[in-house]
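Notes for the structure review
Each chain is listed here by its residues.
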Amino acid sequence: MTDTRIDDIDILISGGGLAGLIAACAFGAQGFSVLCVDPAPPVTEEDAAGADLRSTAFLMPSVALFERIGLWESLAPHATALQVMRIVDAGGATATPRLTRDFDAAEIGDQPFGWNLPNWLMRRELMARTQALPSVRVIHGTGTATVLPRSEGAVVTLTDGRRLRARLLIGADGRDSAVRRALGIGTRTWRYGQKALAFAVTHEQPHHNVSTEVHRFGGPFTLVPLPDRDGQPGSAVVWMDDAAAIDALLALPAPGFEAALNDRSAGVLGHLRQATPLTAWPIVSQIADRFAGPRTALIAEAAHVLPPIGAQGLNMSLADLSALLELSRADPGSADSLARYNRTRRPDAYARILAIDALNRASQAQLRPLRDLRAAALGGLYGIAPVRRMMMRAGLGLS
């Protein structure tokens, strides 16, 4: 006999990645009943198979959200401040810095730009927080099978056969979102022929809470501060390059990879040594045609995907969540609140994608004259103090 029961719930979150778990914590802290489902098992240790070895720089608006929903107290002891964003152009004849410009958070306030945290550690702390919230359940090994949007609630069938009616269904299930497909929402995608490597390193020189982005060709090479590792200064690396170049790096033996790593870093922190395994993924930009449907909202990579430049990715996702939280106070998933959500979040996300797209294409420049032009543009913009401060505030999502 088929079970036809439908259980009612306030918030159903499809996707248990960082954005989905943060959303569960946020709505749970507001007292809503929340279920978060994800087909993949949780990986909460750095050395476990499948661990996410990337890190995320959470900008201050995201940190403010963490404080509001009771997360920051557990995250703060593991976070490393980002006081200065340094851009280094090494696009000359040799892989050495020829132009360095520092964007210092002290110019626009008394707080750092944000704080950097390893993704695997974030997942560990988020899982602990969801377990402490009585109205929140997280189920792994289960995904979203079908979605039937109705004005009174989104009726969702899970892959384990259960059926639920949610006042608000949140699609946080990645760039290939099942929720987005179920609603028939299309996407626009930009491709770059790039991949990115993420891993941690130790280095000779302290980072002094400076995040350094080195530009040469193929894409940026970024060193983001982490706590000391085995008594040595540590940083997270995101290394973007043409896909063939990344594949070639992955095939190198350890000594060859270390030599390539230190050549690409232009020596900005002294000699680097790989400290964790490598994680690689393709680089695209993507935006959904709309961010909402009946009783359903898309957030994070279900709504927008962009290259890891300027710490925009997950911070944009948390801006989605902040807006959705504010609009859901009275009636989560109401037609008016979701229309306003789409109207406010999609234009902002689209503008940021276009800006990051331009920066990424500039960072890919192979021809020397184009690299010289890039360096000149950076030096010129940096030299105008009001423009420099405007760029920093825009990057943080401040008016």
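Here, the structure is the one placed above.
Attention in this report is confined to the structure presented alongside it. (Residues numbered from 1 in each chain as written. Predicted model: local features only at pLDDT ≥ 70, side-chain atom pairs only at ≥ 80, totals over all residues. Heavy atoms only, no water.)

**What about the pairing of strand β3 (residues 55–59)?**
Burial of β3 is extensive: 4 of the 5 residues sit out of reach of the surface. When β3 meets strand β7 (residues 114–118), the two strands line up antiparallel, connected through 5 bridges. Bridge pairing links F58 to W115 in β7. (Buried < 20%, exposed > 50% of the residue type's maximum accessible area, 1.4 Å probe, protein only. Helix = DSSP H or I, 4+ residues; strand = E, 2+ residues; numbered from the N terminus. Pairing = 2+ DSSP bridges.)

**What to know about helix α7 (residues 254–264)**
Along α7, the residues classified as buried are F257, L261, N262 and R264. Looking straight down α7, one finds its buried side chains confined to an arc of 160 degrees; they lie on one side. Exposed residues pointing more than 90 degrees away from the buried face of α7 are listed as P255 and A259. Buried positions along α7 lie against β12 (187–203), β13 (210–215), β14 (221–229), β15 (232–242), α6 (243–250) and β16 (272–274). With its phi angle positive at about 60 degrees, A266 sits one or two positions after the end of α7. (Arc of directions from axis to C-beta. Contact = heavy atoms within 4.5 Å.)

**Some words on the packing of helix α1 (residues 18–29) against helix α4 (residues 119–132)**
Contact geometry of α1 with α4 gives a least axis separation of 10 Å together with a crossing angle of 30 degrees. Here α1 is positioned roughly parallel relative to α4, judged by the angle of their axes. Every pair of crossing elements has a handedness; the one defined by α1 and α4 is left-handed. Here α1 contributes L18, L21, I22, A24 and C25 to the contact with α4, which in turn contributes N119, M122, R123, L126, M127, R129 and T130. Grouping the constituent residues of the contact of α1 with α4 by class yields 8 nonpolar, 2 polar and 2 charged. (Axes fitted to C-alpha atoms, helices over the stretch in contact; angles between N-to-C directions. Parallel < 35°, antiparallel > 145°, perpendicular 65-115°, else oblique. Left-handed = near helix turned anticlockwise from the far one by under 90°. Nonpolar A, V, L, I, M, F, W, Y, C, P; charged D, E, K, R; others polar.)

**Thoughts on the side chain of H207**
Tracing the backbone through its elements, the reader meets H207 in the loop between β12 and β13. Polar side-chain contacts of H207 include one of 2.9 Å to the backbone oxygen of L226. (Polar contact = N/O pair within 3.5 Å; in protein donor to acceptor, adjacent residues only side chain to side chain.)

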